[in-house]
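Structural overview for review
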Amino acid sequence: MNLTKRQEKQITKVFDNPKKLRKWIDDVQNDIIVQAEKENKKLIDQYLDIYSVAVAYTLRYVCGLGKKRLPEVMARIWDNVDAFRTGHISIDDCIGELKENGIEFEAIVNDKNRVEWSK
């Protein structure tokens, strides 16, 4: 485990007092949790950026959307993402509606990899 300079200085003072040791361990654990959450958020943000670029690129070069329609469609996509997050749109309702139009998502969106938005 890598320690910060502050933690290295504290470690000699901590080992002579069990209460200080427990507090120091809790502080280190909290620091690790905070760092892991930051890294996790950074990774999620990176994948969302990649996914957004992939969607826009696909709409441009596969569907042929240009300077006028592509920004409009991407804005609608992000509006829908916000609607999912706020609970105005249900993933299950969308899956059912898309299924009626021949698009099956049950194999992709299931309990193992479903995105759960916190409310």
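Since the structure is predicted, the reported quantities are computational estimates derived from the model, not experimental observations. (Residues numbered from 1 in each chain as written. Predicted model: local features only at pLDDT ≥ 70, side-chain atom pairs only at ≥ 80, totals over all residues. Heavy atoms only, no water.)

**Let's talk about the overall build of the protein**
Which entries qualify depends on this criterion: Only runs of H or I of at least four residues qualify as helices and only runs of E of at least two qualify as strands under DSSP, and these elements are numbered from the N terminus. Any two residues whose heavy atoms approach within 4.5 Å are treated as being in contact. For the accessible areas, the method is Shrake-Rupley and the probe is 1.4 Å, while residue cover comes only from the protein chains on display.
Each helix and strand counted, the protein has four helices and zero strands in total. In the protein, the succession of helices and strands from N to C terminus is α-α-α-α. Sequence-distant contacts in the protein: of pairs separated by 6 or more residues, those separated by 24 or more amount to 18%. As displayed, the protein has an accessible area near 10400 Å², and 57% of this comes from carbon and sulfur atoms.

**With respect to helix α2 (residues 18-61)**
We apply this condition: For a helix, the expected span equals 1.5 Å multiplied by the residue count minus one. Classification of residues uses two cut-offs on accessible area relative to the type maximum, computed with a 1.4 Å probe and protein chains only: under 20% is buried, over 50% is exposed, and between them is partly exposed.
With 44 residues, α2 extends 64 Å from end C-alpha to end C-alpha; this agrees with the ideal 64 Å at 1.5 Å per step. The complete set of buried residues in α2 reads W24, V28, S52, V55, A56 and L59.

**Considerations on a nonpolar patch on the surface**
What counts, and what does not: Residues forming no salt bridge and having over 30% relative accessible area are the ones grouped into patches, like charges within 9 Å of each other and nonpolar side chains (Val, Leu, Ile, Met, Phe, Trp, Tyr) within 5 Å. In what follows, salt bridge is the name for a side-chain nitrogen of Lys or Arg lying within 4 Å of a carboxyl oxygen of Asp or Glu.
Where nonpolar side chains cluster on the molecular surface, the patch consists of L43, Y47 and I50 and spans about 320 Å² of accessible area. Following the sequence through the fold, L43 ends up in helix α2. Assessed through its relative accessible area of 42%, L43 is described here as partly exposed.

**Details of the confidence of the model for the protein**
Predicted coordinates in areas of low pLDDT are best not read in detail. Rules: The score called pLDDT rates the predictor's confidence residue by residue, from a low of 0 to a high of 100.
Of all residues in the protein, 87% have pLDDT values of 70 or greater, and the mean over the chain is 83. Within the protein, helix α1 (residues 5-14) has the poorest average pLDDT of any element, 75, and helix α3 (residues 69-86) the best, 92.

**Here we look at the pattern of salt bridges**
Taken as a whole and judged by the stated rule, the model has five salt bridges. The partner of E72 in a salt bridge is R69, with the nearest N and O atoms 3.3 Å apart. Linking E72 with R69, this pair stays in helix α3, spanning three residues, or about one helical turn. Its relative accessible area of 34% is what places E72 among the partly exposed residues. R69 gets classed as partly exposed once you look at its relative accessible area, which sits at 44%. Across the pair R85 and D82 runs a salt bridge whose closest N-O atoms are separated by 3.7 Å.

**What to know about the packing of aromatic side chains**
Here the distance between the centres and the angle between the planes together describe a pair of aromatic rings. Just so we agree on the cut-off: Pairing of aromatic side chains here covers Phe, Tyr and the six-membered ring of Trp, requires ring centres within 6.5 Å, and sorts the geometry by plane angle: under 30 degrees stacked, over 60 edge-to-face, intermediate tilted. A positively charged side chain is recorded as over a ring if its NZ (Lys) or CZ (Arg) lies within 6 Å of the ring centre. The angle to the ring normal must also be within 35 degrees.
This structure, assessed with the given rule, holds one aromatic pair. Note on Y57 and Y61: the rings are 4.7 Å apart at their centroids and 45 degrees apart in plane angle, and the pair reads as tilted. In this pair, Y57 and Y61 are both assigned in helix α2, four residues apart and thus about one turn of the helix distant. Each member of the pair, Y57 as well as Y61, is classed as exposed. Looking at R60, its charged tip hangs above the ring of Y61, at a distance of 5.2 Å from the centre.

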